[in-house]
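Understanding the architecture of this molecule
The lines below spell out each chain.
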Amino acid sequence: MSGSRSRTQFPRTLLAVATGLSVSTPSMAADISGQVVNAETGEPLSGVQVRALGSNKEAYTDDSGRYELEDVDEGNQTLSFDYQGIPAKEEQVEAASEDVVLNVGLGGSASSSLPEMVVSGQQYAQNKALTKYQNTDAIENFISSDEMGQFVDQNVAESAQRLPGVSITRDQGEGRFVSVRGIGPELSTVTVNGMRMGTPEDGSRAVPLDVIPTGSVDTIGITKAPTPDMAGDSIGGNVNVESASPFDQDGPSVRYRAEASHNQLSGETGPNFQLSMSDVFNETFGVSFGINYRDRTLESDNVEAEYDELDGPDGPGFSIIELQERKYFINRERLGANLNLEFRPDSDTRFFVDTLYSEFTDAETRQRNKFDLDSGDLTSLDGNRGTIENIDGDDYNRRIRFRTKKQDTLAVNAGGEHDFDDWKLDYYAGISDTKERVLDENEGRFEYDQGQLSADFGIGNGRPDVNVNAPNGSVLNDANFVMDKTILEPKSVDDEQRNIGFNVEFPGAMDISSLTLKTGVDARFTDKDVDVNEIELADTPDVRLDEFSDGALKNFSTKSVNHGFADLGERISFNRYLNFFNANREDFNIAPGDEDEIRELTTAEDFVAEEDVLSGYIMGTWEMDRWQLITGVRVEQTDFSATGNQLEFDTNGNLSVSPRQADSNYTNVLPGVHASYDLSENMVLRGAWTNTIARPDYQDISPRTEIDREDQEVEQGNPDLDPFEATNYDLMFDWYFAEASVWSLGAFYKDIDNFVVDQTSNNVAEFGGFDVTRPTNSTEASVEGIETNFQYGFSEGALTGILLGGNLTLLNSELEVPERSGETFSLPDSPDRTANLYLGYEEGPLSTRLSVSHRDEILNELGDDERFDVYETEHTQVDFTSSYQVSESIQVLAEATNITDEPLELYQGSEGRTLQFEEYGPTFSVGVKGSF
């Protein structure tokens, strides 16, 4: 510290002139610094509030437990150290003209409320997350890595759903995308150690969080109302994933976890390993490294249907028109690694390199029966039961598909932080490289060729009941199916994000000790390349399905597919089919006359895009006795350019393809105000007015165009779309009514302009007389809601060790769509209610937790009218975890996920018309974990 006093004031003055800020003359008062650790474990405590009583001087410890109080008046001072879960402590110190070092240990056998036997238990993790929440300037929630370990969460999405106002969408039973406060995942952002993360999705901005295993993560923070020094392009919120710092631990540390996970539906057991190590050398250079691997083999049973009007004997009737019965066999591997390097030559300087890598491989085999009934005649319909006759036999298909999807993410962020005498500087540069490859997708399709079919059906009571009548042969006999076509669907997506920026902070600006001014610049450059293909090979060898139905897919004792609520007939061996395809590849060709269709399918969705965003802000923080006021403005300029394809079919159906390029740019000014007021020592009232944006999805702004001159129809993207713009209001009350406990109640409102929806118009000058369908900024939306959060740990009496907590979010969202005039809808992915509840026990060596996560039904897709709207039903998942510490470095654990076998269910129009129903089965795990 003393060495920094001799530095010249020239850099400070230069920066002040460059940013237009006034600077103050440095005070000759003392600086007090030191480190705060857990007195029992020696671990540094992050987020400890350090106050000089009788003044407005306060600071918070960083990841290594270090703090600094600047310009404290000389003389005897009383410092207060406050951390959630540990009783506050006061220390006397004599502040002289020289800098003072005061190191403090909090807790101890007499006073600590932390568990003595469980070093990284639930309560400790909750304290850590709660302290971060208490200290943040923005409206933000946190969950820590230790807390993740006490849940049964295999990826970041499933951990994030435990936070207030957060819901997730699932893929094969696993959490994938995160929605915040009823706003879809494409309107939120994801960062890794502060570095923006790209998405492997080909058309959406939504970032899948199932690719990041929790073993690579230390903390997840979700910002719901950003301050001006944060990126402004997240109407829903920003999900920040942080890996651990080597300075988080006191000395060398090794943590491990090894378990076996068994999926009940598949009957398979897979491994899960996690290992993390960290150390600090010469008290200045730290290294932390982690690696984790999970291998899951699972299955799912699926039924899907569609409904529409068919002409019947008494006029049009609403009937089932398609039935699909699917069986999935899935193997998912997740490999994650993180390497963090830090150099801290003194308490005022920090250099860092944070690296996170994740690799997600999803190998999926799907067998399905697909029956299109709308080619037949609806001959009877009595309420929800009817008969369809004269169905073309080739409308009954049996199909086998395999594909391997690989998604890789590498995020590297490097920078430095400097605390000079009277100003602070931090800077960073990073890169995020995200890829998706699907190179081997191959589906063999076989059609029934034994004559026409009929079907009796019943709908309206959930999963449809369909009985197929095949007078000339069974539809479950593979010998009755002939090869129809092979579909190949290779896809590649590359998304690279580069980020660079700096921030400068001036405490005591303009000679006002309670005022801090901050300014900074951020530049982000995105390159995205999407290549999506579908190749249909309809000129195939004459071969029947029974050539491939020998049960080679799995070693079952019978040949039938094990399905919970459908009969899929005999198992189809993808290996035999693929061997046949490869051996006879020259006999699988594009059928004559299909060339233009294949060109369409291999070019329509391709695009290359560049997006450059330059941002700058200025922000002031004014701290008074009980008040804190943050105000400022952020400006973001966006330059977007892309090249896509224009597809044009002439009146004879012939296709021509030409490149189409488009550019757009716009600037957004985003002011914001945050205020907090300490109603008492343990009650805080916070409010915020913020303005945020969200840029349209790539598929909406890509310059793709498809023109059908025969039908006079056009489908295209719209590069001229404006970004979504939201004005947000937040009010939050927090009551810290006991140690490590809180009750929060908040309300929020979002008014969203330029909401993007697809609209069809025949009044587009460029395409006179054509029906043009494209996304437009043609409507507005709003979200209002109430959030409450509660957590409490009993520390005395008969209930000692019991942990209780939960949260509830009530939402009301409104969206108007021009195509459905006079109707109002909730936003897609916006449930009316989300809730979490947990009951835990942690005392001595035993730790257990039962957790319940609930989401109400959500709108999935809007149709032409209410009969075609698609909803996903409510979802409630119950999980249980427990561990027992058998020695200082070993805990045994047992976990159960999705105990009640909660399915995924979607319906069309009304709940009785099930559109999709899918079950996954519960998963059970046993293993060991520990540290030394």
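Residues numbered from 1 in each chain as written. Predicted model: local features only at pLDDT ≥ 70, side-chain atom pairs only at ≥ 80, totals over all residues. Heavy atoms only, no water.

1. Comments concerning the overall build of the chain
When you go through the chain residue by residue, the secondary structure sums to 7 helices and 50 strands. Taken over C-alpha atoms, the radius of gyration comes to 30 Å for the chain, in line with the 30 Å a tight globule of 932 residues would show. Out of the 932 residues belonging to the chain, those deemed buried represent 57%. When contacts within the chain are restricted to residue pairs at least 6 apart in sequence, long-range pairs at least 24 apart make up 70% of them. Each charge class in the chain was averaged separately, 70 positive and 173 negative side chains, and the resulting centres sit 3 Å apart. (Helix = DSSP H or I, 4+ residues; strand = E, 2+ residues; numbered from the N terminus. Rg over C-alpha atoms; globule rule 2.2 N^0.38 Å. Buried < 20%, exposed > 50% of the residue type's maximum accessible area, 1.4 Å probe, protein only. Contact = heavy atoms within 4.5 Å. Lys, Arg positive; Asp, Glu negative; His and termini not counted. Charge placed at Lys NZ, Arg CZ, Asp CG, Glu CD.)

2. A look at the pattern of salt bridges
For the structure shown, the criterion picks out 59 salt bridges. Its salt-bridge partner being R344, residue E342 comes within 2.9 Å of it at the nearest N-O pair. Here R344 falls in the buried class, since its relative accessible area comes to 10%. We note a salt bridge from K491 to E436, for which the minimum N-O separation is 3.0 Å. On the criterion of sequence distance, the pair formed by K491 in strand β29 (residues 491-507) and E436 in strand β24 (residues 424-438) is long-range, its members being 55 residues apart. E436 sits in the buried class, given a relative accessible area of 2%. (Salt bridge = Lys/Arg side-chain N within 4 Å of Asp/Glu carboxyl O.)

3. What to know about the nonpolar core
Judged by nonpolar contacts, the single largest core of 39 residues is most densely connected at I320 and Y577. Every element with two or more residues in this core is listed here: β18 (285-312), β19 (315-346), β22 (385-391), β23 (396-419), β25 (442-448), β26 (453-458), β28 (481-488) and α5 (574-583). Excluding anything up to four places from it in sequence, I320 contacts A305, E306, Y307, L310, L373, I388, F457, I459, P464 and V466. (Core = buried A, V, L, I, M, F, W, Y, C linked by side-chain atoms within 4.5 Å.)

4. As for the domain arrangement of the chain
The domains assigned to the chain are domain 1 (29-106), domain 2 (122-243) and domain 3 (253-931). Each of domain 2 and domain 3 has a C-alpha centre, and these two points are 14 Å apart. Across the boundary between the two partners, domain 2 contributes 77 residues, which contact 123 residues of domain 3. Across the contact surface, domain 2 and domain 3 share 13 salt bridges. For K518, the salt bridge identified is with D229, shortest N-O distance 2.9 Å. Seen at the junction of domain 2 and domain 3, the total is 46 residue pairs in polar contact (both at pLDDT 80 or more). Those elements that place two or more of their residues in the side of domain 2 that touches domain 3 are α2 (122-135), α3 (145-150), β10 (166-171), β11 (174-180), β13 (195-196) and β14 (219-225). Take the side of domain 2 that touches domain 3: its biggest share by element is 7 residues, from α2. The residue makeup of the side of domain 2 that touches domain 3, split by class, is 27 nonpolar, 32 polar and 18 charged. (Domains from an automatic or database assignment. Polar contact = N/O pair within 3.5 Å; in protein donor to acceptor, adjacent residues only side chain to side chain. Nonpolar A, V, L, I, M, F, W, Y, C, P; charged D, E, K, R; others polar.)

5. Regarding unusual backbone geometry
Here Q172, not a glycine, exhibits a phi torsion of approximately 55 degrees, which is positive. With respect to the element layout, Q172 can be found in the loop between β10 and β11. Located in the positive-phi region is N898, a residue other than glycine, with phi close to 55 degrees. Relative to the helices and strands, N898 resides in the loop between β47 (890-897) and β48 (904-908).

6. Here we look at the side chain of D295
Mapped onto the secondary structure, D295 falls in strand β18. Among the polar contacts made by the side chain of D295, one reaches the side chain of Y293 at a distance of 3.3 Å. If near-sequence neighbours (up to four positions away) are discounted, D295 is found in contact with G270, P271, N331, R332 and E333.

7. Examining the pairing of strand β9 (residues 139-144)
Across the 6 residues of β9, 6 count as buried, placing the element largely inside the fold. With burial as the criterion, each face of β9 is covered, one bearing I139, N141 and I143 and the other bearing E140, F142 and S144.

8. Some details on the sheet that holds strand β27 (residues 465-469)
With respect to topology, 4 strands assemble into an open sheet ordered β21-β22-β26-β27, the strand pairing being antiparallel. At either end of the open sheet lies a strand with only one pairing partner, and these are β21 (377-382) and β27. Across this sheet, the average inter-strand angle for adjacent strands is 15 degrees, counted without regard to direction. Pairing between β22 and β26: 5 bridges, direction antiparallel. Its bridge partner being in β26, G386 is matched across the sheet by F457. (Pairing = 2+ DSSP bridges. Axes fitted to C-alpha atoms, helices over the stretch in contact; angles between N-to-C directions.)

9. Regarding helix α6 (residues 595-603)
Residues of α6 that are buried: I598, E600, T602 and T603. Packing partners of the buried residues in α6 comprise β30 (515-532), β31 (535-537), β33 (627-649), β34 (655-680) and β36 (705-708).

10. Some thoughts on a negative patch on the surface
Together, E710, D711, E713, E715, D758, D771, E819 and D864 make up a negatively charged patch on the protein surface. Positionally, D758 belongs in strand β39 (residues 742-761). Owing to a relative accessible area of 48%, D758 belongs among the partly exposed residues under this scheme. (Patch = residues over 30% accessible without salt bridge, like charges linked within 9 Å, V, L, I, M, F, W, Y side chains within 5 Å. Areas by Shrake-Rupley, 256 points an atom, 1.4 Å probe, with all protein chains shown as cover.)

11. Regarding a nonpolar patch on the surface
Taken together, the side chains of F281, F285, F343, F351, Y427, F502, V521 and L614 present a nonpolar region at the surface, about 650 Å² in accessible area. Of note, F281 is situated in strand β17 (residues 268-281).

12. Details of the sheet that holds strand β6 (residues 86-95)
Pairing between sheet strands relies on hydrogen bonds along the backbone, with the strands arranged either parallel or antiparallel. Strand order in the open sheet formed by 4 strands is β3-β2-β5-β6, and the pairing between neighbours is antiparallel. Unpaired on one side and paired on the other, β3 (58-60) and β6 mark the two borders of the sheet. Pairs of neighbouring strands in the sheet enclose a mean axial angle of 20 degrees, with direction left out of account. Pairing of strand β5 (residues 75-83) with β6 involves 8 bridges; the strand directions are antiparallel. What sits directly across from Q77, in β6, is V93.

13. Some details on the pairing of strand β46 (residues 875-887)
Across 10 bridges, the pairing between strand β43 (residues 846-855) and β46 is antiparallel. Considered in β46, the bridge of R849 is made with T881. The pairing of β46 with β47 spans 7 bridges and is classified as antiparallel. Within β47, the residue paired with F880 across the bridge is A896. What sits between β46 and β47 in their antiparallel hairpin is a turn of 2 residues.

14. Quick look at the side chain of E70
As for its position among the elements, E70 is in strand β4 (residues 66-72). In this structure, E70 is buried with no salt-bridge partner, the nearest side chain bearing the opposite charge being K424 at 5.1 Å. Not counting residues up to four positions away in its chain, the partners in contact with E70 are A30, D31, K57, D419, F420, D421, K424 and P507.

15. A few points about the packing of aromatic side chains
Scanning all chains against the criterion turns up 28 aromatic pairs. Where F724 meets F755, the ring centres are 5.2 Å apart and the plane angle is 90 degrees; that geometry is what we call edge-to-face. One end of the pair, F724, is in strand β38 (residues 724-735); the other, F755, is in strand β39, and 31 residues separate them in sequence. As far as the burial class goes, F724 and F755 line up, both buried. Pairwise contacts between aromatic rings join F402, F446, F548, F574, Y577, F580, F581 and F588 into one cluster. The aromatic ring of Y838 is capped on one face by R849, whose charged end is 4.0 Å from the ring centroid. (Phe/Tyr/Trp six-rings, centres within 6.5 Å; stacked < 30°, edge-to-face > 60°. Lys NZ or Arg CZ within 6 Å of the ring centre and 35° of its normal.)

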